[in-house]
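So the chains spell out like this:
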Amino acid sequence: MSYIHPDRTTAPELSNFPPVFLPDYGESILPNGVKLYTYNSGEEPVTRLTLLWSTGLLESPDRASLNLMHNMLNEGCGDLSGKEVTDILEGNGSWFRSQSGRQSTLLTLHSLNSTADKVFPLLAEIISNPAFPEETLESIKHKNATEKDIALRKPSLQANIISARRLYGEGHPLALYTTPEQILAVTRDEVVDIHRRLMIASRPAVYLTGKITDKILRLLESTIGRIAFNELIPDRL
């Protein structure tokens, strides 16, 4: 087998960057005042719906409650149990995820256009009326605390914690790390409160991509577009 040896004695020629063409996107306002950004692309009848709140870990004084809120969102809403929520999502070919980054919180739903009328209303109910059942919360708390305890025994994680404290200083949001004890101390009322302050008291932006039809837009307007996001609630994150 022969190998090609590049000539490293001569620098490559300089050239200008080629033109960059960004795709066109749509922008509108939902009935509840939330901004909607759309990008109609692809031929497959699927969509990705994302809600973005401009608040994340840096603004949250209670990361343990925030993380548990994300874990609990699909564990029941309205009159539906966690199992029923999972059955509706999986039975209709959908996938749901919620997470917080440093300065933002994302809630994403991947779905088929043919079953959007089943999962869009469910997503609106998850956002506006999650159940946060006490028994399930206790189970998830103990699971997360055990996983955190195991993770804290790893030298690599300890090194990261020490480095963050040296770099940012003690007490800085980027130097904080949730302990098993903090996870176990979280109450349901704290999870309910952080959900209210993050997802209801803060108005998100909505992004819809994929094969967007008039039917999908009407569904979005009648579900997510009807949630009463109230920015007047005091003590937002």
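Presented here is a report on the structure given in the accompanying data block. (Residues numbered from 1 in each chain as written. Predicted model: local features only at pLDDT ≥ 70, side-chain atom pairs only at ≥ 80, totals over all residues. Heavy atoms only, no water.)

**Comments concerning the packing of aromatic side chains**
If you walk through the whole model with that rule in mind, you get two aromatic pairs. Both rings, one in Tyr-25 and one in Tyr-37, keep their centres 6.2 Å apart while their planes meet at 55 degrees; by these two values the pair is tilted. With a gap of twelve residues between them, Tyr-25 in the segment before strand 1 (26-29) and Tyr-37 in strand 2 (residues 35-40) connect regions that are remote in the sequence. Judged by relative accessible area, Tyr-37 falls into the buried class, the value being 18%. Aromatic side chains Tyr-37 and Tyr-207 sit 5.1 Å apart centroid to centroid with 15 degrees between the ring planes, which places their arrangement in the stacked category. Of the two residues, Tyr-37 sits in strand 2 while Tyr-207 sits in strand 8 (residues 205-210), which places them 170 residues apart along the sequence. Grouped by ring-pair contacts, the aromatic residues Tyr-25, Tyr-37 and Tyr-207 constitute a single cluster. (Phe/Tyr/Trp six-rings, centres within 6.5 Å; stacked < 30°, edge-to-face > 60°. Helix = DSSP H or I, 4+ residues; strand = E, 2+ residues; numbered from the N terminus. Buried < 20%, exposed > 50% of the residue type's maximum accessible area, 1.4 Å probe, protein only.)

**Regarding the side chain of His-70**
The residue His-70 is located in helix 1 (residues 63-72) in this model. Residue contacts for His-70: discarding those within four places in its chain leaves Ser-98, Gln-99, Ser-100, Thr-105 and Met-199. (Contact = heavy atoms within 4.5 Å.)

**Overview of unusual backbone geometry**
The phi torsion of most residues other than glycine is negative, and most of the peptide bonds are trans. One non-glycine residue, Phe-132, lies in positive phi territory at about 50 degrees. Tracing the backbone shows Phe-132 in the loop between helix 3 (116-128) and helix 4 (134-151).

**Points about the pattern of salt bridges**
Close approach of charged atoms lets side chains of opposite charge pair. Within this structure, the stated rule accounts for eight salt bridges. Ionic pairing is found between Glu-43 and Lys-211, a salt bridge with its closest N-O pair at 3.4 Å. Of this pair, Glu-43 sits in the loop between strand 2 and strand 3 (46-53) while Lys-211 sits in the loop between strand 8 and helix 8 (214-222); the two residues are 168 residues apart in sequence, bridging distant segments of the chain. Of the residues examined, Glu-43 reaches a relative accessible area of 65% and is grouped as exposed. Residue Lys-143 pairs with Glu-147 through a salt bridge whose shortest N-O separation is 2.9 Å. A residue pair is termed a helical-turn pair when its members lie 3 or 4 positions apart in one helix, as Lys-143 and Glu-147 do in helix 4 at four residues. Exposure remark for Lys-143: the relative accessible area of 48% places this residue in the partly exposed category. (Salt bridge = Lys/Arg side-chain N within 4 Å of Asp/Glu carboxyl O.)

Just geometry here; none of it tells us what the structure is for.
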